[in-house]
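Summary of the model geometry
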Amino acid sequence: MFARLVPIVVAALGVSSVIARPCKRDQCAATLETAANVAQRLQDVYWNTLNGGWGILWTDANTIEDMYNLMMADGTDTFDVISRTRIGILAALGSKTAWELQLNGSNDDAAWIVLALWKVADYKNKNGQDASKYLDSAKTIYDIIASEWDDSTCGGGVWWSGDHTYKNAVTNELFLYLSANGYNRFGDQSYLDNAEKTWDWLKNSGMRNSDGLWNDGLTDDCKNNGQTTWIYNQGVVASGLAQLYVATGDASLLDEAELTLDATISHKTQNGILKESCDDVANSTCNQDQAMFKGIWMKHLQYYLDAVPGSVSKYADFIGAQESAVVHYATGEGYAIENVWYGGSQGGTTFSAQSQDSGLAAHICAAKYGPC
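The following paragraphs examine the structure supplied in this document. (Residues numbered from 1 in each chain as written. Predicted model: local features only at pLDDT ≥ 70, side-chain atom pairs only at ≥ 80, totals over all residues. Heavy atoms only, no water.)

Observations concerning the packing of aromatic side chains
Here is the rule we go by: In this analysis, rings of Phe, Tyr and Trp, with Trp reduced to its six-membered ring, are considered paired at centre separations within 6.5 Å, and the interplanar angle assigns stacked below 30 degrees, edge-to-face beyond 60, and tilted for intermediate values. Only lysine NZ and arginine CZ atoms are considered, and such an atom sits over a ring when it is within 6 Å of the ring centre and within 35 degrees of the ring normal.
Counted according to the given criterion, the structure contains 18 aromatic pairs. Taken together, the ring pairs connect Trp-118, Tyr-142, Trp-149, Phe-175, Phe-186, Tyr-191 and Trp-201 into an aromatic cluster. The ring of Trp-47 carries Arg-84 above its face, with NZ or CZ at 5.4 Å from the centroid. Across from the ring centre of Trp-159, 4.6 Å away, lies the NZ or CZ of Lys-167, which sits over that ring.

Right under this line is the structure:
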């Protein structure tokens, strides 16, 4: 079924500076076709009408974002399902109270939903449709997240949840991305102010370790807690820094971003393929959250390269190697995708909506920036 095999990249990559923008490449039609088949299985097998989604809230937000990212790339309307999802229904309702009840204080869940709503709005606008309810809800949710910034504990940062017990990497990396991207979208200075203070706090927080990777969060006394360097943490911070670079023109932000992207390639791979700490071909222990993380890294590398096309040649082979591994190691009958990419299953891998969507994100990224 699949004829392409991209050589696996094992060498660590060095930090590059921005170079002249190359000519825009057409997206790879063969890879987009594979992505569409993967998305169709996701819809056919995992869609839950009663739940209005495929899994849990934050992974559903990523699935929506990925399906609309695919349709932005292939020009179809095959997966224009937002009106049937609980996120779309809440957006149509437009009630801050309803959003607060759904979010239940989860600020990282809230941020993933903003990303989904913005992607849907981009798709609607591209197709001449009204996107106002999605943008309005995104603004409502963004403001909820922004209100969770707190200077009194650890000198700043957004709380992970309304319990106000933990400050972590991904919540603040997402707030960096949303704030910088929001400024680039809407020109509102308050977004840029938030982005700049978030990056200033993050880079001084101690959450980035000596390998250049971001640990999970901070201890009660505001030290790096040494917890897992989840792969998605390493991608979201890079896309956020790219958006802040677009807003400010500060190219040093790209060195910061590629320090972490390159550390991911050096330290979070096996045989050149992304490997989450819980991935194991014989006995994977990844839960449904963690099954998403590699695909999110790929998606945010795509977003990084959207803003920094001069680095496409640096990462293209690595992107292609991930997509090839998904095809040849992780894909089973009928485009079913399991959670481990680095090798063929020895009976310990799992199939889920989240692993399916993670593979989808890899294909979409590769269609745009991998070898074709």
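Right, picking up where we left off after that structure.
Brief notes about the pattern of salt bridges
We apply this condition: By definition, a salt bridge exists where a carboxyl oxygen of Asp or Glu is found within 4 Å of a side-chain nitrogen of Lys or Arg. Numbering of helices and strands runs from the N terminus; a helix is a DSSP stretch of H or I covering at least four residues, while a strand is a stretch of E covering at least two. Working definition: with a 1.4 Å probe on protein chains only, accessible area under 20% of the residue-type maximum means buried, over 50% means exposed, and in between means partly exposed.
In total, this model carries 13 salt bridges according to the counting rule given. The closest approach of N and O atoms between Glu-65 and Lys-299, which form a salt bridge, is 2.8 Å. Taken as a pair, Glu-65 in helix α2 (residues 57-74) and Lys-299 in helix α11 (residues 293-307) lie far apart in primary sequence, 234 residues in all. Residue Glu-65 is classed as buried on the basis of its relative accessible area of 2%. Across the pair Lys-124 and Asp-80 runs a salt bridge, and its minimum N-O distance is 3.1 Å. Taken together, the positions of Lys-124 in helix α5 (residues 107-126) and Asp-80 in the loop between α2 and α3 (86-93) put the pair 44 residues apart, joining distant regions of the chain. Through salt bridges with shared partners, a single ionic network connects Glu-65, Asp-66 and Lys-299.

Digging into helix α7 (residues 169-186)
Formally: An expected span of 1.5 Å times one less than the residue number is assigned to each helix.
The terminal C-alpha atoms of α7, which comprises 18 residues, lie 25 Å apart, in line with the 26 Å expected from a rise of 1.5 Å per residue. Among the 18 residues that make up α7, 14 are buried, leaving the element largely enclosed by the rest of the structure. With its phi angle positive at about 75°, Gly-187 sits one or two positions after the end of α7.

Side note on unusual backbone geometry
You will see that Asn-104, though not glycine, has its phi angle at about 50°, which is positive. Tracing the chain through its elements places Asn-104 in the loop between α4 (96-103) and α5. Taking the relative accessible area as the measure of exposure, Asn-104 reaches 67% and is therefore exposed. For Cys-222, which is not a glycine, the phi torsion comes out positive at approximately 70°. Of note, Cys-222 is situated in the loop between α8 (189-203) and α9 (231-248). Its relative accessible area of 27% is what places Cys-222 among the partly exposed residues.

Quick look at the environment of Asp-109
Quick note on the threshold: Contacts are assigned to residue pairs that have any heavy atoms within 4.5 Å of one another.
Its location among the elements puts Asp-109 in helix α5. Counting along the chain gives 70 residues from Asp-109 to Ala-39, while the straight-line C-alpha distance between them is 22 Å. In this structure, Asp-109 is in contact with Leu-57, Trp-58 and Leu-103, ignoring residues within four places of it in sequence.

Some thoughts on the state of the cysteines
The cut-off we apply is this: Cysteine sulfur atoms that come within 2.5 Å of each other are treated as a disulfide pair.
Across all of its chains, the model carries 3 disulfides by this definition. Each sulfur of the disulfide joining Cys-154 and Cys-222 lies 2.0 Å from the other. Given an S-S torsion of about -85°, the disulfide between Cys-154 and Cys-222 has left-handed geometry. Of this pair, Cys-154 sits in the loop between α6 (132-146) and α7 while Cys-222 sits in the loop between α8 and α9; the two residues are 68 residues apart in sequence, bridging distant segments of the chain. The disulfide that involves Cys-278 links it to Cys-286, with 2.0 Å between the sulfurs. Negative torsions about the S-S bond denote left-handed disulfides, and the value of about 95° found for Cys-278 with Cys-286 makes this one right-handed.

Quick look at the side chain of Ser-358
Cut-off, in case you're wondering: The definition of a polar contact used here is a pair of N or O atoms within 3.5 Å, where within protein one atom must be able to donate a hydrogen and the other to accept one, and adjacent residues in sequence count solely through side-chain atom pairs.
Turning to its location among the elements, Ser-358 is positioned in helix α13 (residues 353-369). Engagement of the side chain of Ser-358 in a polar contact is seen with the backbone nitrogen of Gly-295, the distance being 2.8 Å. Every residue in contact with Ser-358, bar those within four places of it in the chain, is listed here: Ala-291, Met-292, Lys-294, Gly-295 and Trp-341.

Structural notes on the layout of surface pockets
Defined as follows: Points on a 1 Å grid over protein atoms alone make up a cavity when a 1.4 Å probe fits among them but cannot get out, and a pocket when they form an open set with protein on both sides within 12 Å along at least five of seven lines; lining residues each have an atom within 4 Å of a point. Grid points are joined across faces, edges and corners, and a volume is the space filled by probe spheres set on the points. Charged residues are taken to be Asp, Glu, Lys and Arg, nonpolar residues to be Ala, Val, Leu, Ile, Met, Phe, Trp, Tyr, Cys and Pro, and polar residues to be all remaining types, Gly included.
Considered as a void within the structure, the largest pocket measures approximately 380 Å³ in volume. Lining the largest pocket are 20 residues, and of these Asn-69, Lys-119, Tyr-303, Asp-306 and Lys-368 lie nearest its centre. Contributions of two or more residues to the lining of the largest pocket are made by α2, α5, α7, α11 and α13. Considering only residue class, the lining of the largest pocket consists of 8 nonpolar, 5 polar and 7 charged.

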